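In case you want the letters, here they are:
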Amino acid sequence: FFAKSNDYGKSFSTPKTLPVINQSIYRPLSTNQVNDIVYVFGSNWNQSTQQNNIVFMTSHDFGDTFSQPTILFNHEQSDQGIKVQVNNGIIYILSDDRNDFDEKGSLYLRKILSNGTLTDIVNVNGGKTTVTYPQFAVSEENVYVSWRDRVHENGDYGITERWYPAFTKSHDGGNSFDDVVILDSDPKAIDTV
């Protein structure tokens, strides 16, 4: 559903359902207003393909009407989320494809430019790590991304799991990313988060 307020949140319009296409779950993930356009991002489970799509809809009349969903990411699992940042009229969207800390997966970045153009998908980590709890920040042309990588190691206590903070950065607006840096974890702990 979508509702809006024109009096600083004192009252809201009657909630309206947003368009749905062949889905059993539609979960809103973020709402943003950029360049006088309202963007609603959500998760769309497609029953026929058994895949999860991250989609967005736009409103050019401040939420009175919305476009049909546009697919941002196709994922094979149903519970992926996104993180959204807005910088200089550009919307940056970060999403992972696994949401499973036992398997390696990819972390993806995509942008909606100020003219509404949807950019290509960029693989942030190259699928070389597990991905949980991704976060990111955008400043000018700099994009900084961090997440947790879970590794099984042979240590003093036998095979143990250990969480490592992972980090990468881009200085070209997220078009390309440096190699992933794995930060230190406490070597004395059995399980470090």
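The structure presented is a predicted model; accordingly, all values stated were derived computationally and were not measured.

Here is what the cut-offs are and how they apply
Residues numbered from 1 in each chain as written. Predicted model: local features only at pLDDT ≥ 70, side-chain atom pairs only at ≥ 80, totals over all residues. Heavy atoms only, no water. Helix = DSSP H or I, 4+ residues; strand = E, 2+ residues; numbered from the N terminus. Buried < 20%, exposed > 50% of the residue type's maximum accessible area, 1.4 Å probe, protein only. Contact = heavy atoms within 4.5 Å. Areas by Shrake-Rupley, 256 points an atom, 1.4 Å probe, with all protein chains shown as cover. Phe/Tyr/Trp six-rings, centres within 6.5 Å; stacked < 30°, edge-to-face > 60°. Lys NZ or Arg CZ within 6 Å of the ring centre and 35° of its normal. Polar contact = N/O pair within 3.5 Å; in protein donor to acceptor, adjacent residues only side chain to side chain. Pairing = 2+ DSSP bridges. pLDDT = per-residue confidence, 0-100.

### So, the overall build of the chain
- Along its length, the chain carries zero helices and 12 strands.
- From first element to last, N terminus to C terminus, the chain shows the α and β order β-β-β-β-β-β-β-β-β-β-β-β.
- Residues classed as buried in the chain amount to 43% of the 193 residues present.
- Pairs at least 24 apart in sequence give 39% of the contacts found in the chain among residues at least 6 apart.
- Split by element, the accessible area of the chain, about 10,600 Å² in all, is 48% carbon and sulfur.

### Description of the packing of aromatic side chains
- Tallied over the full model, the rule gives six aromatic pairs.
- Ring geometry for Tyr-39 against Phe-56: centres 6.1 Å apart, planes inclined by 40°, an arrangement best described as tilted. Taken together, the positions of Tyr-39 in strand S2 (residues 37-46) and Phe-56 in strand S3 (residues 51-59) put the pair 17 residues apart, joining distant regions of the chain.
- Between the NZ or CZ atom of Arg-148 and the centre of the ring of Trp-163, over which it lies, the distance is 3.9 Å.

### Re the environment of Gln-85
- For Gln-85, the location among the structural elements is in strand S5 (residues 82-87).
- Distance from Gln-85 to Lys-111, taken between C-alpha atoms, is 9.6 Å for residues 26 residues apart in sequence.
- Beyond its immediate sequence surroundings of up to four residues, Gln-85 is in contact with Ile-90, Ile-91, Tyr-92, Phe-136 and Val-138.
- Here the side chain of Gln-85 touches Phe-136 through a polar contact of 3.3 Å, landing on its backbone oxygen.

### Some remarks on the sheet that holds strand S6 (residues 90-96)
- Taking strand neighbours across the sheet as the criterion, the four strands line up as S5-S6-S7-S8 in an open arrangement whose pairing is antiparallel. The outermost strands of the open sheet, each flanked by one partner alone, are S5 and strand S8 (122-123).
- Where strand S7 (residues 107-112) lies against S8, two bridges are found, and the strand directions are antiparallel. The residue bridging Tyr-108 from the neighbouring strand is Asn-123, located in S8.

### As for the confidence of the model for the chain
- Confidence along the chain averages 86 in pLDDT terms, with 85% of residues attaining 70 or more.
- Model confidence for the chain, summarised as mean pLDDT per element, is weakest for strand S1 (residues 23-34) at 78 and strongest for S8 at 96.

### Concerning unusual backbone geometry
- Look at Tyr-133: it is not a glycine, yet its phi comes out positive at around 50°.
- Residue position: Tyr-133 is located in strand S9 (residues 132-139).
- At Glu-140, a position not held by glycine, the phi torsion is positive, near 55°.
- You can see Glu-140 is positioned in the loop between S9 and strand S10 (142-155).

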